[in-house]
Amino acid sequence: MLDLTNTNSTERVAQLVRQLMAKRSIERPAGYEDVLSECGLSSLDMVNLMLAVEIEFDIKIPDRDMTPSNFRSIAQIDKLVGALLRNDQQVG
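These lines cover the structure that appears in this document, whether it is placed above or below. (Residues numbered from 1 in each chain as written. Predicted model: local features only at pLDDT ≥ 70, side-chain atom pairs only at ≥ 80, totals over all residues. Heavy atoms only, no water.)

This next bit is on the side chain of Ser73. The topology assignment puts Ser73 in the loop between helix H2 (43-57) and helix H3 (74-91). On the basis of relative accessibility, which here comes to 3%, the residue Ser73 falls in the buried class. For Ser73, the side chain forms a polar contact with the main-chain nitrogen of Gln76, separated by 3.1 Å. When near neighbours in sequence (up to four residues on either side) are disregarded, Ser73 contacts Tyr32, Glu33, Asp34 and Leu36. (Helix = DSSP H or I, 4+ residues; strand = E, 2+ residues; numbered from the N terminus. Buried < 20%, exposed > 50% of the residue type's maximum accessible area, 1.4 Å probe, protein only. Polar contact = N/O pair within 3.5 Å; in protein donor to acceptor, adjacent residues only side chain to side chain. Contact = heavy atoms within 4.5 Å.)

Take helix H1 (residues 9-23) next. Relative to the 21 Å expected for 15 residues at 1.5 Å per residue, H1 spans 21 Å between its end C-alpha atoms, a close match to the ideal helical length. Residues Arg12, Val13, Ala14, Gln15, Leu16, Val17, Leu20 and Met21 constitute the buried set of H1. The backbone nitrogen of Thr10 has a side-chain oxygen 3.1 Å away, supplied by the residue at the start of H1, namely Asn8. Ser25 sits one or two residues past H1 and shows a positive phi near 60°. (Expected span 1.5 Å × (residues − 1).)

Time to look at the nonpolar core. In this structure, Leu36, Leu49, Val53, Phe71 and Ile77 are the most contacted members of the largest nonpolar core, which totals 24 residues. Where this core is concerned, the elements lending two or more residues are H1, H2 and H3. Look past the residues within four positions of Val53 in its chain and what remains in contact with it is Leu16, Asp58, Ile59, Ile61, Phe71, Ile77 and Val81. (Core = buried A, V, L, I, M, F, W, Y, C linked by side-chain atoms within 4.5 Å.)

Note on placement: Glu54 falls in helix H2. Sequence-distant contacts of Glu54, that is, excluding residues within four places in its chain, are made with Ile59, Lys60, Ile61 and Met66.

Two numbers describe how H1 lies on H2: the axes approach to 10 Å, and their chain directions differ by 140°. The angle between H1 and H2 falls in the class oblique. Between H1 and H2 lies a crossing of right-handed hand. Residues Ser9, Arg12, Val13, Leu16, Val17 and Leu20 of H1 lie in contact with H2, whose contacting residues are Asp45, Leu49, Ala52, Val53, Glu56 and Phe57. By residue class, the composition of the contact of H1 with H2 is eight nonpolar, one polar and three charged. (Axes fitted to C-alpha atoms, helices over the stretch in contact; angles between N-to-C directions. Parallel < 35°, antiparallel > 145°, perpendicular 65-115°, else oblique. Left-handed = near helix turned anticlockwise from the far one by under 90°. Nonpolar A, V, L, I, M, F, W, Y, C, P; charged D, E, K, R; others polar.)

The next subject is unusual backbone geometry. Generally, phi is negative for residues other than glycine and the peptide bonds are trans, each holding for most cases. For Ser25, which is not glycine, the phi torsion reads 60° and is therefore positive. Of note in this structure, Asp58 is not a glycine but carries a positive phi near 55°. With respect to the secondary-structure elements, Asp58 resides in the loop between H2 and H3. According to the relative accessible area criterion, Asp58 is exposed, its value standing at 67%.

This is the structure:
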């Protein structure tokens, strides 16, 4: 795992997606708004991506937020992460 702690959340999410795609030998680039399933990621890949996001950002994604729409694109994942991190800071 790369140390991306000093990188902004968008780039960290994009890097997680690129790592997963490389692991699956998917060579198509994924842009910020691209639909990840159309880029070649399967539903199992999406589950692995959810877990990777939780680990990378040290967050717990609530069950209600584990939806295909929240993991549709890098943009959607970044939006979700931002919201969860803001909530964490308000609570903690």
